[in-house]
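Notes for the structure review
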Amino acid sequence: MTDRYVELHAASAFSFLEGASQPEKLVERAVELEMPALALLDRNGVYGSARFHTSAKRNNVSAHVGAEIAVSSFGSRLAPPAWLPHQYSPEPARVSLLCESRIGYQNLCQLITKFKMRERGKTEGAATTLDLQQYASGLVCLTGGDEGPLAAALVNGGEEEGRRTVEKLVQIFGPQSVYVELQRHQEREEEWRNQAALRIAHSLSLPVLATNGIRYATKYEREVLDLFTVVRHHTDLDHAGRLLSLNSQRHLR
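The following refers to the structure shown. Keep in mind it's a predicted model, so treat the numbers as computed, not measured. (Residues numbered from 1 in each chain as written. Predicted model: local features only at pLDDT ≥ 70, side-chain atom pairs only at ≥ 80, totals over all residues. Heavy atoms only, no water.)

**A short note on the side chain of glutamate 190**
Inspection of the secondary structure assignment puts glutamate 190 in helix H6 (residues 188–204). Of the side chains with opposite charge, arginine 193 comes closest to the buried, unpaired glutamate 190, at an N-O distance of 4.6 Å. Apart from residues lying up to four places away in sequence, glutamate 190 is in contact with Gln183, Arg184 and His185. (Helix = DSSP H or I, 4+ residues; strand = E, 2+ residues; numbered from the N terminus. Buried < 20%, exposed > 50% of the residue type's maximum accessible area, 1.4 Å probe, protein only. Lys, Arg positive; Asp, Glu negative; His and termini not counted. Salt bridge = Lys/Arg side-chain N within 4 Å of Asp/Glu carboxyl O. Contact = heavy atoms within 4.5 Å.)

**A look at unusual backbone geometry**
Not every positive phi belongs to a glycine, and asparagine 60 is a case in point at roughly 60°. Structurally, asparagine 60 can be placed in the loop between helix H2 (49–58) and strand E3 (62–70). Here the phi dihedral of serine 205 falls at roughly 55°; this positive angle occurs in a residue that is not glycine.

**Here's the deal with the side chain of arginine 215**
Inspection of the secondary structure puts arginine 215 in the loop between strand E7 (208–210) and helix H7 (222–232). There is a polar contact of 3.1 Å between the side chain of arginine 215 and the side chain of glutamate 68. What arginine 215 contacts, discounting residues up to four positions off in sequence, is Ala11, Glu18, Gly19, Ala20, Ser21, Glu68, Arg94, Glu147, Leu225 and Arg250. (Polar contact = N/O pair within 3.5 Å; in protein donor to acceptor, adjacent residues only side chain to side chain.)

**Things to note about the environment of valine 231**
Inspection of the secondary structure puts valine 231 in helix H7. Taking the C-alpha atoms as reference, valine 231 lies 7.7 Å from leucine 17; in sequence the two are 214 residues apart.

**Considerations on the pairing of strand E1 (residues 7–10)**
Where E1 lies against strand E2 (residues 37–43), 2 bridges are found, and the strand directions are parallel. From the neighbouring strand, alanine 10 faces E2, where its bridge partner is leucine 40. Considered for its hand, the β-α-β crossover made up of E1, helix H1 (residues 23–32) and E2 is right-handed. (Pairing = 2+ DSSP bridges. Right-handed = clockwise from strand over helix to strand, strands pointing away.)

**Overview of the packing of H1 against H2**
For the pair H1 and H2, the least separation of the axes is 8 Å and the interaxial angle reads 30°. It follows from the interaxial angle that H1 and H2 lie roughly parallel. H2 is crossed by H1, and the crossing has right-handed handedness. Taking contact as the criterion, the partners of Pro23, Glu24 and Val27 in H1 are, on H2, Arg51, Phe52, Ser55 and Ala56. The class makeup of the residues in the contact of H1 with H2 is 4 nonpolar, 1 polar and 2 charged. (Axes fitted to C-alpha atoms, helices over the stretch in contact; angles between N-to-C directions. Parallel < 35°, antiparallel > 145°, perpendicular 65-115°, else oblique. Left-handed = near helix turned anticlockwise from the far one by under 90°. Nonpolar A, V, L, I, M, F, W, Y, C, P; charged D, E, K, R; others polar.)

**Observations regarding the pattern of salt bridges**
Counting across every chain of the model gives 23 salt bridges. The closest approach of N and O atoms between arginine 94 and glutamate 18, which form a salt bridge, is 2.7 Å. Of the two residues, arginine 94 sits in strand E4 (residues 94–99) while glutamate 18 sits in the loop between E1 and H1, which places them 76 residues apart along the sequence. By the burial criterion, arginine 94 is buried, and glutamate 18 matches it. Here glutamate 28 ties to lysine 25 by a salt bridge, and the two come within 3.6 Å at their closest N and O atoms.

Quick look at the structure:
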């Protein structure tokens, strides 16, 4: 246990154009902040986990490994308003999973392998609810930030739909392994979702977890992420609009 804040939802450059920092840079920043532990959850893979674990061990930081897993049955993740140019291509909402044991890490790897092997094209693919049920043992589920199923459910179906989504996660992972996640990046829309998430957590007697949904180690690397974002969406900085982050709040702090 620690009385200091620990970041349990960070992504690295191994999230392929959704994160700006190498795993070693995230660990370096954690050391600067005297953060005793850090969790890495890259998109649909554990590609950076070996380098992350090695660097963390070298610097006496406890390394926690997980991934943001796309799940087709939870609908599409949040996107900018439809009237804005250069929209996201529709993407499944992603469930954030943390390994709490060796069995959990094995199950996470098998889960990723299963849904990727199922894809015949070059798409990343997505897991199903049945996949999650099969490989749930040893995994802790976070409800996520704007990429997660709770945010998507709240925006598309209101608080009742959000509650039903969290109940589905509880059915899959168990009440002791689901945390309602709160993130604050000084965005107006995010705050009402947080208040709804708090009410849902209270009604279901679930613990609440604060994270920052890290996408870069320092605030200055937000500019790197902006460049990655325009590459990912085949546009340029002058026309990217709301595809870019609203501010530089997603750094390790």
